[in-house]
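Listed below, chain by chain, are the residues.
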Amino acid sequence: MTRPEARQHQLRGAVLRANPLVLLAAGLLVVPGSFAVRSLPIGLVALGAYLLAGVVLLPSLRPALGRLGVVMLASVMVVYSTWLLGGHEVDTALTAGVRVLVLALPGAVLAVYVDPSRLADELGQRLGLPARFVVATSAALQRFDQLGQTWQHLDRARRARGFGPSRNPVRTFGYAASLTFALLVSALRGATQMSIAMDARGFADAHRRTWAEPVVWTVEDSALLCLGIALAALPVILYAL
Amino acid sequence: MTPARAALRGFGWQPLGRRAPVLTGLDLAIEPGERLLLTGPSGSGKSTILRALAGVLGASVPGEVSGAVEVDARIGLLLQNPGDAVVAARIGRDVAFGPENAAMAREEIWRRVRESLAAIGMPYALEHPTQALSGGELQRLALAGVLALEPGLLLLDEPTSMLDAANAEGVRRAVLAVVAQTGASLLVVEHHVAPWLAHVDRVVVLGADGHITADTSPQELACMDPAALAGDGVWMPGLPAPTPLDLPATLVRPRHAPLPLRAESLAVELRTRTMRGPVTTPALRGVDAELAGAAVTAFTGPSGAGKSTLAAALAGLLVPVAGRVVAPEPAWHRWRPRDRAAQVGWVPQNAEHGFLTSRVCHEVVVTANRLGVEVDVGETLEAVGLSHLADANPYQLSGGEQRRLAIVAALAHRPPVLLLDEPTVGQDRDTWAAVVGWAMSAARAGAAVGVASHDPALAAASDHEVTLERGRVAIR
């Protein structure tokens with residue numbers, strides 16, 4: 001196949017070639033696994049293992065660091081509230097925080113590397129999910145990046161009209177709410193136009209459709225899936241010991 | 001592929017939530033292989049006819065259809081906004097979408113993908129990301145996606161209105177080559193008639209009330225009085241640009257003298273967040289430009305030259321990476337939005353992005369109220385022909401009406417500096433006259449006006465021109 005080579009030449013790394021189902025599995029398997037993070041050492045070892053895998057396998061750490069920041073924020077909030085409500089026990093609070101990191105970080109980072117078209121291929125062809133649902137989802141995901149740009153344009157137009165975030169937190173919240181609403185309206189508009197274009201290309205009657213590209217499962221995919229299972233199982237094993 | 005015969009008989013359409021129908025009792029037939037140009041003012045129902053023939057009314061667009069729609073072959077629809085048709089991240093896969101829906105075998109899909117992309121002259125490999133395409137390339141990609149289904153009737157909804165002259169010509173050439181090659185019937189909806197006239201067999205003009213006012217050949221159209229047809233807002237060939245509206249000074253006179261805004265070796269980078277992290281693209285480099293008082297300055301240049309970025313930076317809406325926009329302290333982009341709004345009015349390219357309320361009459365005063373400025377809503381709406389829509393929802397207006405509303409919404413508080421981003425794109429003559437009229441009337445009353453535009457008629461109407469090319473000033 002030409003596809004992986006073309007992608008490899010843009011960015012290097014195993015996760016870029018990986019089957020999207022493997023990425024999805026690795027991100028989701030850790031959710032039950034994280035419940036075994038019952039002590040700080042278990043949590044730190046599990047987190048360390050994921051970080052190590054990330055350093056080795058990710059083509060670039062920049063998007064991962066951005067997501068780490070967001071997940072860290074959630075984690076810190078959990079640490080604080082657990083400490084506050086759980087009798088001021090630092091150890092318990094930190095464990096809860098690390099658990100959140102282990103739970104959310106792998107999925108948040110791996111989501112970046114899922115190609116919507118390939119995911120649709122896998123869900124439709126390999127897992128046999130309804131084609132129309134799968135294709136519509138993939139088309140919507142593909143437009144996701146546009147939302148960021150629309151947000152900027154909406155923000156610019158509002159500031160130009162004398163409205164913008166201010167030092168008053170209530171005002172700033174109201175501003176963000178109004179921007180979010182406008183973004184939704186704009187996204188719905190775009191979705192209507194897109195569905196017109198899609199229906200005109202035969203999507204409306206595509207109850208039985210074919211797929212332009214086959215799905216492939218490589219040895220590397222199997223290896224990555226095993227790694228994902230092993231990483232998710234690590235806290236469970238440590239807890240059992 | 002057989003060229004399609006298509007017809008609307010006694011056709012009517014009332015969108016969900018509208019009191020009056022857009023079209024009633026319309027009859028229109030297209031013969032196999034015929035090339036038809038459909039034109040008329042904003043809101044006359046041109047796009048509705050196209051959508052009816054495409055079979056998406058009532059399905060993707062909610063509302064009530066009456067009469068009959070007959071199309072005897074597969075159709076291909078091209079929309080105004082090039083980005084709307086993209087369904088995949090790679091161009092090959094995007095073109096494959098139609099054949100996949102038609103449940104074709106894999107070899108047949110890829111044969112058609114390659115043929116379609118070759119027919120429209122796409123220079124990139126099948127793996128090329130759709131995100132990296134320009135507006136003109138995206139429109140040609142959409143055309144390839146349509147072609148892959150070998151349609152008997154091509155329906156084009158103002159396919160070039162969002163593009164600059166060079167890109168528009170490229171898309172037009174691709175369309176005409178395809179029609180010549182396949183013999184498909186063609187229906188083009190356009191405000192700008194001239195570039196298509198030599199290539200169509202028939203021209204139909206819709207009046208503002210949605211009824212056909214002319215149905216003729218291009219040759220006979222040339223003999224008709226263009227002014228009579230221009231009364232319908234149509235850009236007829238051979239007609240001079242419309243006379244900009246002369247607005248009363250009370251509506252546009254700046255409340256105080258404009259700040260002398262000047263870009264000094266200005267450099268701006270545009271940063272967008274994507275799923276894969278932020279992407280930075282340089283938009284302006286070392287730009288010196290001045291916004292003179294009591295004059296209209298046009299920022300011109302090809303797509304991607306940085307026209308819109310310069311307008312937004314002069315409006316204080318972007319943070320420079322180097323250089324600056326000269327304004328009184330503090331740094332221009334750090335001014336509080338309210339204080340800056342008193343100095344500058346900025347009109348976004350997409351009118352809908354600027355709407356803050358759910359009623360037209362509220363939209364006009366919202367910025368003025370924030371600044372404590374009195375605005376005569378009735379007179380303002382009257383001046384741009386929106387009085388009858390004072391209680392309507394801004395999102396339900398037609399494209400031209402939204403454009404006029406965006407102008408008054410951003411400028412009714414009479415700021416001394418006006419910056420407009422592509423204000424005439426895809427507009428009929430009446431809206432053009434209102435938009436350019438507002439800019440020129442304000443300049444005459446002392447305002448400093450900057451317009452980012454690839455519209456040659458607007459550049460001709462302005463006092464100064466700053467031409468940009470790849471983020472730098474080309475000619476002064």
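None of these values were measured; they are calculated from a predicted model.

Next up on the list: the overall build of chain B. Helix and strand content of chain B: 17 helices and 18 strands. Taking 23 Å as the expected radius of gyration for a compact globule of 476 residues, we find that chain B reaches 23 Å, a close match to that expectation. For chain B, the spread of C-alpha atoms along the principal axes amounts to about 65 × 45 × 40 Å. Taking all 476 residues of chain B together, the buried fraction comes to 58%. Expressed as a percentage of contacts within chain B between residues at least 6 apart in sequence, the contacts between residues at least 24 apart total 73%. Of the accessible surface of chain B, which amounts to about 18200 Å², a share of 51% is contributed by carbon and sulfur atoms. Here chain B contributes 41 positive and 49 negative side-chain charges, whose respective centroids are spaced 8 Å apart.

Here the focus is the packing of helix 7 (residues 116-126) of chain A against helix 8 (residues 131-142) of chain A. All names here are of chain A. Between helix 7 and helix 8, whose axes approach to 9 Å, the crossing angle comes to 165 degrees. Relative to helix 8, the element helix 7 is oriented roughly antiparallel. Taken as a pair, helix 7 and helix 8 cross one another with a handedness that is right-handed. Within the contact between the two elements, helix 7 uses Pro116, Ser117, Leu119, Ala120, Leu123 and Gly124 and helix 8 uses Val134, Ser138, Leu141 and Gln142. Considered class by class, the residues forming the contact of helix 7 with helix 8 number six nonpolar, four polar and no charged.

This paragraph deals with helix 8 of chain A. For helix 8 of chain A, which comprises 12 residues, the first-to-last C-alpha distance of 16 Å matches the rise-based estimate of 16 Å (1.5 Å per residue) to within 8%. Turning to helix 8 of chain A, its buried residues number three or more, namely Ala131, Val134, Val135, Ser138, Ala139 and Gln142 of chain A. Take helix 8 of chain A and look down its axis: the buried residues cluster within an arc of 130 degrees, on one side only. Packing partners of the buried residues in helix 8 of chain A comprise helix 7, helix 9 (144-160) and helix 10 (169-200) of chain A together with helix 3 (97-101) of chain B.

Each side of the interface is counted separately: chain B has 66 residues, and chain A has 63 residues. Counting across the interface, chain B meets chain A through nine salt bridges. The partner of Glu363 of chain B in a salt bridge is Arg161 of chain A, and the shortest N-O contact between them spans 2.5 Å. At the surface where chain B touches chain A, the tally comes to 26 residue pairs in polar contact (both at pLDDT 80 or more). The residue makeup of the side of chain B that touches chain A, split by class, is 36 nonpolar, 14 polar and 16 charged.

All names here are of chain B. The three strands lie next to each other as 2-1-4, forming an open sheet whose pairing is antiparallel. Edge strands, defined here as strands with exactly one partner in the open sheet, are strand 2 (23-30) and strand 4 (63-71). Within the sheet, the average angular offset between the axes of one strand and its neighbour, ignoring direction, is 20 degrees. In terms of strand pairing, strand 1 (residues 6-15) meets strand 4 through eight bridges, oriented antiparallel. What sits directly across from Ala6, in strand 4, is Val71. In the packing of helix 1 (residues 46-54) onto the sheet, the strands contacted are strand 1, strand 2 and strand 4, and the crossing angle to strand 1 comes to about 115 degrees.

Further remarks concern the packing of aromatic side chains. Counted by the stated rule, this structure contains four aromatic pairs over all chains. The interplanar angle of 35 degrees and the centroid separation of 5.6 Å between the aromatic rings of Phe203 of chain A and Phe97 of chain B together place this pair among those described as tilted. Residue Phe203 of chain A is found in the loop between helix 10 and helix 11 (219-240), and its partner Phe97 of chain B is found in helix 3; the two belong to separate chains. By relative accessible area, Phe97 of chain B is classed as buried at 3%. Consider the rings of Trp332 of chain B and Trp335 of chain B, whose centres lie 4.9 Å apart with planes at 80 degrees: the pair is edge-to-face.

Looking at the element boundaries, Lys307 of chain B is found in helix 11 (residues 307-314). Buried charged residue Lys307 of chain B carries no salt bridge. Nearest counter-charge: Glu422 of chain B, at 4.0 Å.

On to unusual backbone geometry, then. Residue and element names in this part refer to chain B. For Glu150, which is not glycine, the phi dihedral falls at a positive 45 degrees. Within the secondary structure layout, Glu150 lies in the loop between helix 5 (135-147) and strand 6 (153-157). In this structure, Arg470 takes a positive phi of about 45 degrees despite not being glycine. Secondary-structure assignment places Arg470 in the loop between strand 17 (464-469) and strand 18 (472-473). Classification of Arg470 as exposed rests on a relative accessible area of 69%.

Bringing the nonpolar core into the picture now. Residues Ile49, Leu77, Ile120 and Leu155 of chain B are the most contacted members of the largest nonpolar core, which totals 79 residues. Setting aside residues up to four positions removed in sequence, Leu77 of chain B forms contacts with Ile196 and Ala200 of chain A together with Leu50, Ala54, Val146 and Leu155 of chain B.

So, on to the confidence of the model for chain B. Close inspection of predicted coordinates is inappropriate for parts of the model with low pLDDT. On average, residues of chain B carry a pLDDT of 89, and 97% of them reach 70 or more. Here the predicted complex scores 0.81 on pTM and 0.85 on ipTM.

Attention now goes to the sheet that holds strand 17 of chain B. Residues and elements named next belong to chain B. Sheet architecture is open: six strands sit in the order 14-15-16-12-17-18, paired in mixed fashion. Every interior strand has two partners, whereas the edge strands, strand 14 (344-347) and strand 18, have only one. Against the sheet, helix 11 engages strand 12 (295-300), strand 14, strand 15 (417-421), strand 16 (448-452) and strand 17, with an angle of about 135 degrees to strand 12.

Rules of the game
- Residues numbered from 1 in each chain as written.
- Chains lettered and ligands numbered in written order.
- Predicted model: local features only at pLDDT ≥ 70, side-chain atom pairs only at ≥ 80, totals over all residues.
- Heavy atoms only, no water.
- Helix = DSSP H or I, 4+ residues; strand = E, 2+ residues; numbered from the N terminus.
- Rg over C-alpha atoms; globule rule 2.2 N^0.38 Å.
- Buried < 20%, exposed > 50% of the residue type's maximum accessible area, 1.4 Å probe, protein only.
- Contact = heavy atoms within 4.5 Å.
- Areas by Shrake-Rupley, 256 points an atom, 1.4 Å probe, with all protein chains shown as cover.
- Lys, Arg positive; Asp, Glu negative; His and termini not counted.
- Charge placed at Lys NZ, Arg CZ, Asp CG, Glu CD.
- Axes fitted to C-alpha atoms, helices over the stretch in contact; angles between N-to-C directions.
- Parallel < 35°, antiparallel > 145°, perpendicular 65-115°, else oblique.
- Left-handed = near helix turned anticlockwise from the far one by under 90°.
- Nonpolar A, V, L, I, M, F, W, Y, C, P; charged D, E, K, R; others polar.
- Expected span 1.5 Å × (residues − 1).
- Arc of directions from axis to C-beta.
- Salt bridge = Lys/Arg side-chain N within 4 Å of Asp/Glu carboxyl O.
- Polar contact = N/O pair within 3.5 Å; in protein donor to acceptor, adjacent residues only side chain to side chain.
- Pairing = 2+ DSSP bridges.
- Phe/Tyr/Trp six-rings, centres within 6.5 Å; stacked < 30°, edge-to-face > 60°.
- Core = buried A, V, L, I, M, F, W, Y, C linked by side-chain atoms within 4.5 Å.
- pLDDT = per-residue confidence, 0-100.

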